[in-house]
Amino acid sequence: MSIEVNNESGYEVDEAEFAALGRFVLDEMHVHSQTELSILFVGTEVMTELHIQWMDEPGPTDVLSFPMDELRPGREGEVTPAGLLGDVVVCPEVAAAQAAVAGHSTVEEMLLLTTHGILHLLGYDHAEPEEEKEMFGLQRRLLLTFLAGRPTR
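The name an unreviewed UniProt entry assigns to the chain is Endoribonuclease YbeY, from the organism Sanguibacter inulinus. The record in UniProt for the chain states the following under Function (unreviewed entry): "Single strand-specific metallo-endoribonuclease involved in late-stage 70S ribosome quality control and in maturation of the 3' terminus of the 16S rRNA."

*Asks:* An account of the overall build of the chain is requested, with residue identities and associated values reported.
*Replies:* The helix and strand inventory of the chain stands at five helices and four strands. Sequence-ordered secondary structure for the chain, helices as α and strands as β, is β-α-β-α-β-β-α-α-α. Taking 15 Å as the expected radius of gyration for a compact globule of 153 residues, we find that the chain reaches 15 Å, a close match to that expectation. Across the 153 residues that make up the chain, the buried fraction comes to 42%. The contacts of the chain with a sequence gap of at least 6 include a subset with a gap of at least 24, amounting to 66%. Summed over its atoms, the accessible surface of the chain is roughly 8,300 Å², and 50% of this surface lies on carbon and sulfur atoms.

*Asks:* So, unusual backbone geometry: which residues are in play, and what are the values?
*Replies:* For D56, which is not glycine, the phi torsion reads 55 degrees and is therefore positive. Positionally, D56 belongs in the loop between α2 (44-55) and β3 (63-67). Phi at E70 takes a positive value of approximately 50 degrees, unusual for a residue other than glycine. Residue placement: E70 occurs in the loop between β3 and β4 (84-90). In this structure E70 comes out as exposed when scored by relative accessible area, which is 58%.

*Asks:* Before we move on, can you summarise the pattern of salt bridges with the specific residues and values?
*Replies:* Enumeration over the complete set of coordinates arrives at three salt bridges. Its salt-bridge partner being E78, residue R75 comes within 3.3 Å of it at the nearest N-O pair. Residue R75 is classed as exposed on the basis of its relative accessible area, which comes to 55%. Its relative accessible area of 45% is what places E78 among the partly exposed residues.

*Asks:* For the sheet that holds strand β2 (residues 36-41), give the residues involved together with the corresponding values.
*Replies:* Pairing is mixed in the open sheet, where four strands are placed in the order β1-β2-β4-β3. Looking along the sheet, the strands with just one partner apiece sit at the ends: β1 (2-7) and β3. In this sheet, adjacent strand axes meet at a mean angle of 15 degrees when their direction is disregarded. In this sheet, β2 lies alongside β1 in parallel orientation, the contact comprising six bridges. Across the sheet, I3 pairs through a bridge with L37, a residue of β2. Relative to the sheet, α2 contacts β3 and β4, its axis offset from that of β3 by approximately 50 degrees.

*Asks:* Can you break down helix α1 (residues 15-28) residue by residue, with the values?
*Replies:* Counted at 1.5 Å a residue, the expected span for α1 with its 14 residues is 20 Å, and the 20 Å between its end C-alpha atoms agrees. Of all the residues in α1, the buried ones are E17, F18, A19, L21, G22, F24, V25 and L26. Where the residues of α1 are buried, they touch β1, β2, β4, α4 (106-121) and α5 (129-148).

Conventions we followed
Residues numbered from 1 in each chain as written. Predicted model: local features only at pLDDT ≥ 70, side-chain atom pairs only at ≥ 80, totals over all residues. Heavy atoms only, no water. UniProt positions renumbered as here; feature names shortened; annotations may be inferred. Helix = DSSP H or I, 4+ residues; strand = E, 2+ residues; numbered from the N terminus. Rg over C-alpha atoms; globule rule 2.2 N^0.38 Å. Buried < 20%, exposed > 50% of the residue type's maximum accessible area, 1.4 Å probe, protein only. Contact = heavy atoms within 4.5 Å. Areas by Shrake-Rupley, 256 points an atom, 1.4 Å probe, with all protein chains shown as cover. Salt bridge = Lys/Arg side-chain N within 4 Å of Asp/Glu carboxyl O. Pairing = 2+ DSSP bridges. Axes fitted to C-alpha atoms, helices over the stretch in contact; angles between N-to-C directions. Expected span 1.5 Å × (residues − 1).

See the structure below:
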């Protein structure tokens, strides 16, 4: 699995931890081991530009996903074909503000947003109540399982 993590945000990010999260989520979703994923951390200025350009909405957002090969999750014993999953773009400054409101750390918020972004790349959405229930339940299970296996800090 090729997971590229780049930090252009100026915010301190443990790139290895986010690569490990990406591998974990893709393994759990039965995505082919040759699949490529990019995770990028950007500042509010860049995120604002992306948000306006791609979503036609003002201001920065927390996470954006840019799917490439439109891969979907596999099943036990039946992985997806190899391919380019896409890019997840996270804004740590927005994540920090959201984390303060939610009552957890900025890193936990960024891990949540990265998981959310990967699920979007795999075709999950939350526009309808049933979709939201499925996506957010899966997101919660994946993140809690990842965090439970994480070394204590």
